[in-house]
Amino acid sequence: MNTFQKEIQLSPKPRGFHLITNEVLAHLEEIQQVKIGILHLFIKHTSASLTINENADFTVREDFETHINKMVPENMPYYKHNYEGSDDMPAHIKASLFGHSVQIPITGGELNLGIWQGIYLGEHRNHGGSRHLVVTICG
């Protein structure tokens, strides 16, 4: 079994949920050499998240953003951690709810996702900037 790891930087995104499957794959020529394996992605931030969901209809991503903002609103009077603005503490909560990593099978040099699945970046800050992922391939 071979193991490969590197860090990649994603382009800055506005607040919301963004398909990043192709952006991640653009950094991973090495995946083509893996017949059977696992891709592990880990985001090195506490105010953004990773998840897998529908890749076809953009309204799914819009609905994610609308719903999570209702679940975890800004400007709650009980938030003590607000040094970086009203979106700071809610971003940390949202990131913990969605998670900081995903694992995807690799089969025949390609991600073995379902036909309607893609990798999402959940950008939970108004101005999060570029995000860094640690990519590990085992196979």
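Predicted model only: the values in this text are computed from it and were never measured.

1. Side note on the side chain of Ser49
- Within the fold, Ser49 resides in strand 4 (residues 48-54).
- Among the residues examined, Ser49 registers a relative accessible area of 1% and is labelled buried.
- Within polar-contact distance, the side chain of Ser49 engages the side chain of His124 at 2.8 Å.
- In contact with Ser49, not counting residues within four places along its chain, are Ile43, Ala95, Phe98, Gly99, Tyr120, Leu121, Gly122 and His124.

2. Observations concerning the packing of aromatic side chains
- As enumerated under the stated definition, the model contains 6 aromatic pairs in all.
- When the centroid spacing of 5.6 Å and the interplanar angle of 70° are considered together, the rings of Phe64 and Tyr120 count as edge-to-face. With Phe64 in helix 2 (residues 58-71) and Tyr120 in strand 7 (residues 117-123), this pair connects stretches of sequence that are 56 residues apart. Here the two residues Phe64 and Tyr120 agree in accessibility, since each one is buried.
- Ring-pair connections join several aromatic residues into one group, and the members of that group are Phe17, Phe64, Phe98 and Tyr120.

3. Some thoughts on the sheet that holds strand 6 (residues 110-111)
- Taken in spatial order, the 5 strands of this open sheet run 1-8-3-5-6, and their pairing is antiparallel. Looking at strand neighbours, the two that pair on one side only are strand 1 (3-10) and strand 6, the edges of this open sheet.
- Bridge count for strand 5 (residues 101-107) against strand 6 is 2 bridges, and the pairing is antiparallel. When the bridges of strand 6 are listed, Ile106 appears paired with Leu111.

4. Considering the nonpolar core
- Judged by nonpolar contacts, the single largest core of 22 residues is most densely connected at Ile20, Val24, Leu39, Leu41, Leu111, Leu133 and Ile137.
- Looking at this core, the elements that each hand over two or more residues are strand 1, strand 3 (36-43), strand 4, strand 5, strand 7 and strand 8 (131-138).
- Apart from residues lying up to four places away in sequence, Leu111 is in contact with Thr21, Leu25, Ile31, Leu39, Ile104, Pro105, Ile106 and Ile119.

5. Some details on the sheet that holds strand 7
- As summarised here, the arrangement of the 3 strands in space is 2-7-4, forming an open sheet in which the pairing is antiparallel. In the strand order of this sheet, the two ends are held by strand 2 (16-19) and strand 4, each with one partner. Along the sheet, successive strands turn relative to each other by an average axial angle of 30°, direction set aside.
- Examined bridge by bridge, strand 4 and strand 7 share 7 bridges and lie antiparallel to one another. The residue bridging Thr51 from the neighbouring strand is Tyr120, located in strand 7.
- In this fold helix 2 packs onto strand 2, strand 4 and strand 7, with an angle of close to 155° to the strand it touches most, strand 2.
- Contacting strand 2 and strand 4, helix 3 (residues 88-98) crosses the sheet at an angle of about 45° to strand 4.

6. Some words on helix 2
- In this model helix 2 runs 20 Å from its N-terminal to its C-terminal C-alpha over 14 residues, within 8% of the 20 Å that 1.5 Å per residue would give.
- Within helix 2 the residues assigned to the buried category are Val60, Arg61, Phe64, Glu65 and Ile68. Take helix 2 and look down its axis: the buried residues cluster within an arc of 140°, on one side only. Exposed side chains of helix 2 directed beyond 90 degrees from the buried face belong to Asp63 and Lys70.
- Those residues of helix 2 that are buried are in contact with strand 2, strand 4, helix 3 and strand 7.

What counts as what
- Residues numbered from 1 in each chain as written.
- Predicted model: local features only at pLDDT ≥ 70, side-chain atom pairs only at ≥ 80, totals over all residues.
- Heavy atoms only, no water.
- Helix = DSSP H or I, 4+ residues; strand = E, 2+ residues; numbered from the N terminus.
- Buried < 20%, exposed > 50% of the residue type's maximum accessible area, 1.4 Å probe, protein only.
- Polar contact = N/O pair within 3.5 Å; in protein donor to acceptor, adjacent residues only side chain to side chain.
- Contact = heavy atoms within 4.5 Å.
- Phe/Tyr/Trp six-rings, centres within 6.5 Å; stacked < 30°, edge-to-face > 60°.
- Pairing = 2+ DSSP bridges.
- Core = buried A, V, L, I, M, F, W, Y, C linked by side-chain atoms within 4.5 Å.
- Axes fitted to C-alpha atoms, helices over the stretch in contact; angles between N-to-C directions.
- Expected span 1.5 Å × (residues − 1).
- Arc of directions from axis to C-beta.

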